[in-house]
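# Summary of the model geometry
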Amino acid sequence: MISLPQIQSGSLIIRGAFMKTIQPTLLAVMICSVMSGCVSAQKLTSSDASQHSSVRLNQVGYQINARKRATVATDIQTPLTWHLLDAQGHAIAEGKTTPFGLNVASGELVQIADFSRVYTPEKGLVLEVNGEKSHPFDIRDDIYQTMKYDALSFFYQQRSGIEIKQQYVQRPDLARPAGHPHEVVSCFAQTDARGNSWPGCDFSLDVTGGWYDAGDHGKYVVNGGISAWTLMNFYEREKLFNPQKSAFADGKVKIPEQGNHDNDLLDEARWEMDFMLAMQVPEHKKVHVPVGDQSGHLSALKLTEIDAGGMVFHKIADASWTGVPLPPYEDTQPRVLSYPTTAATLNLAATAAQCARVWQVVDPDYSATCLTAAESAWQAAKRHQDVYAYDNFTGSGPYDDRQLGDEFYWAAAELYTTTGKAEYKAAIEQSAYRFSSPAGDVAATGDLTWADVASAGTITLATVPNHLGKEQVREARSNLIKTADVYQQSVEKQGYLLPYLAVEYPWGSNSFVVNRGIFLGVAYDLTGKPKYLQAMSDAMDYILGRNPMDQSYVTGYGSYPLMNPHHRYWGHSRDASLPVAPPGVLSGGPDSIDFSDPVAETMKGKCTGQACWVDDIGAWTLNEVTVNWNAPFFWVVSYLDEKAAE
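Reading the values: the criteria
Residues numbered from 1 in each chain as written. Predicted model: local features only at pLDDT ≥ 70, side-chain atom pairs only at ≥ 80, totals over all residues. Heavy atoms only, no water. Axes fitted to C-alpha atoms, helices over the stretch in contact; angles between N-to-C directions. Helix = DSSP H or I, 4+ residues; strand = E, 2+ residues; numbered from the N terminus. Parallel < 35°, antiparallel > 145°, perpendicular 65-115°, else oblique. Left-handed = near helix turned anticlockwise from the far one by under 90°. Contact = heavy atoms within 4.5 Å. Domains from an automatic or database assignment. Buried area = accessible area lost by both parts, 1.4 Å probe. Salt bridge = Lys/Arg side-chain N within 4 Å of Asp/Glu carboxyl O. Buried < 20%, exposed > 50% of the residue type's maximum accessible area, 1.4 Å probe, protein only. UniProt positions renumbered as here; feature names shortened; annotations may be inferred. Disulfide = S-S within 2.5 Å. Nonpolar A, V, L, I, M, F, W, Y, C, P; charged D, E, K, R; others polar.

## Structural notes on the packing of helix α3 (residues 264–278) against helix α4 (residues 342–358)
A packed helix pair is summarised by two numbers, namely the angle formed by the two axes and the spacing between the axes. It is at 11 Å that the axes of α3 and α4 come closest, and there the two elements cross at 135°. In terms of axis orientation, α3 runs oblique to α4. The two elements α3 and α4 cross, and the hand of that crossing is left-handed. Each of Leu-266, Met-273, Met-276 and Leu-277 in α3 lies in contact with α4, whose residues at this interface are Leu-348, Thr-351, Ala-352, Cys-355 and Val-358.

## Some points on the domain arrangement of the chain
Split into domains, the chain comes out as domain 1 (55–139) and domain 2 (146–280 + 302–643). Put simply, the middle of domain 1 and the middle of domain 2, counted by C-alpha atoms, are 34 Å apart. Each partner contributes residues to the interface: domain 1 has 26 residues there, and domain 2 has 33 residues. Summed over both partners, the interface of domain 1 with domain 2 buries about 2100 Å², with 48% contributed by carbon and sulfur atoms. Taken together, domain 1 and domain 2 are joined by three salt bridges. The salt bridge partner of Arg-67 is Glu-492, with a shortest N-O separation of 3.9 Å.

## Here's the deal with the side chain of Ser-54
Topologically, Ser-54 is positioned in the loop between β2 (12–14) and β3 (55–56). By relative accessible area, Ser-54 is classed as buried at 19%. Ignoring anything within four residues of it in the chain, the contact list for Ser-54 reads Thr-71, Val-72, Ala-73 and Glu-132.

## What about the UniProt feature "domain: Glycoside hydrolase family" (unreviewed entry) in the chain?
Under the UniProt annotation, "domain: Glycoside hydrolase family" (unreviewed entry) lies at residues 144–637. Taken end to end, residues 144–637 is 39% helix and 6% strand, and its first and last C-alpha atoms sit 6 Å apart.

## Digging into the state of the cysteines
For the structure on display, the rule yields three disulfides. Shown here is the disulfide that connects Cys-187 with Cys-201, its sulfur atoms set 2.0 Å apart. An S-S torsion of about 90° defines the bridge between Cys-187 and Cys-201 as right-handed. Of the two residues, Cys-187 sits in the loop between β13 (184–186) and β14 (204–206) while Cys-201 sits in the loop between β13 and β14, which places them 14 residues apart along the sequence. Residue pairing for Cys-607: its cysteine sulfur links by disulfide to Cys-612, the two sulfurs lying 2.0 Å apart. Around the S-S axis, the bridge from Cys-607 to Cys-612 shows a dihedral of about 105° and counts as right-handed. Since its relative accessible area comes to 1%, Cys-612 is described here as buried.

## Topic: the UniProt feature "domain: Cellulase Ig-like" (unreviewed entry) in the chain
The UniProt record marks residues 51–134 with the feature "domain: Cellulase Ig-like" (unreviewed entry), using the residue numbering of this structure. Split by type, residues 51–134 is 0% helix and 51% strand. Its first and last C-alpha atoms lie 10 Å apart.

## Considering the packing of helix α10 (residues 509–527) against helix α14 (residues 627–642)
Packing of α10 against α14 brings their axes to within 8 Å, and their N-to-C directions diverge by 40°. Viewed along their axes, α10 and α14 adopt a mutual orientation that is oblique. The way α10 lies across α14 gives a crossing that is left-handed. Across the interface between the two elements, Ser-511, Val-514, Asn-515, Gly-517, Ile-518, Gly-521, Val-522, Tyr-524 and Asp-525 from α10 touch Asn-628, Trp-629, Pro-632, Phe-633, Trp-635, Val-636 and Tyr-639 from α14. Tallied by class, residues from the contact of α10 with α14 come to ten nonpolar, five polar and one charged.

Structure, rendered in structure tokens:
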């Protein structure tokens, strides 16, 4: 037992701090991490609204040097007394809340309780405010240590074309046979959902492998591209800013590639890179595609035969939507290879150029393969700049994007950083997106998403050694820091203290929160200013429970974790023979704009912003999970764990 003297600072009084053992906080199936294995079987149930608390905080905990704040939903507008209780119920600190007022994004009156000056590691703490108690939480530096490996395990468990083996997953019931183990397909040669007849082509591709994009069995290059970039980007920044040791060195992650002497993070990214490389059209092969913007007449597409060599097919997916749940190994739907698009082609150009850099020393032959593919894709995209994806296939999402200037800039940035060639530098200089970075406004203009990738190019140019002049690098860095400043400043402008200022919340809103964490991390790497690291920590506090739902949006973590994501294999809530989702999976989160699924439809007009969410497998607009959302989640928790002592 360690006793500290009483310290008084402002409204906070610390009476003492004691090391205690943790109290059980989880409630239903066996929950265990990918690193520690299964150590107990505890009951987890779906969230019961009657047991939620008005004292909302990070249900996992706070790192020792981080600010520790809770948001209290209350109609009382005068300061309230709070007590921080240890695991035995003894008060170790007390203070007064600060009234915030109306939190517009949720329509609540809230106050803030700040207990940041408690620096002693503790387990099983509870914050009591005006008689209302929070869920238990910890103060310790390792709260994200296991979470980062669980977040990365998501990608292994989303793999297509390979058996998911028991020794590499958190629980035995998560193991499964391979889904789509032999995926050799040719161009679509039927009539699409809009009535267009497609003639097919004279070649086939073996596109076995890759990651399933989300809760369905589709595999998409444009979504896989930004996801693979995010994993490889963390590898690159770890080499640059933390070169002494990697948290993902060979053997650190439970995947089949253990023991191959390569970094495990690269191994996982390579699984997707191999798939994207396989989606490239062989040299001089011809394919019929819709050239030009034909979005105004999707039922009468004009198809033109082009030399598509070097272009990349947009997606491979089921011919029709399947029911939920459905394990991938039981999927009997025919698989449809959609046509090549400019967007998919540029995604390969960018990520394959990045691949060529990160594997240059590790595997020179693979590096050369990636670079050849990247440059071929770049040339193909220049020849065919306006082949767009449309919503004309059932069984898969369109991922349609007709604004491709950002993709051209991103690809040029990655290619220039890898090769130093004048052609790519000229493309950067001529781009309207040159050194662009998100605005940080309410509309989230320029925020990093699968459809808005310009800032990924700027991050690469600002942080990875290249042949730009010092002033140009300084400009790129300055723009990123300005973005981080806006993100950081937005934390204090809302009652739930997160770096995302908005009134209406879009589909996948949680991904905006964690993607902003990447920019805060970049700013901290470049400046060393703690405010950026703290804002990233605030983002995770929101994700893990400091939100109007009093909900951890991550499976396996917190008193009220995500339980029922929209996913065809992790469908336990509808089929008891299927598993509950593994720990470390991020929900898309509140969506107050798109109510297009049957569950969300019943909520339209009955919820506000941050409160438009439900933990239901059928709510794909609210509770979907995707590779491009778990990738920035992985990036942020890995970064916070790396910087725990700072």
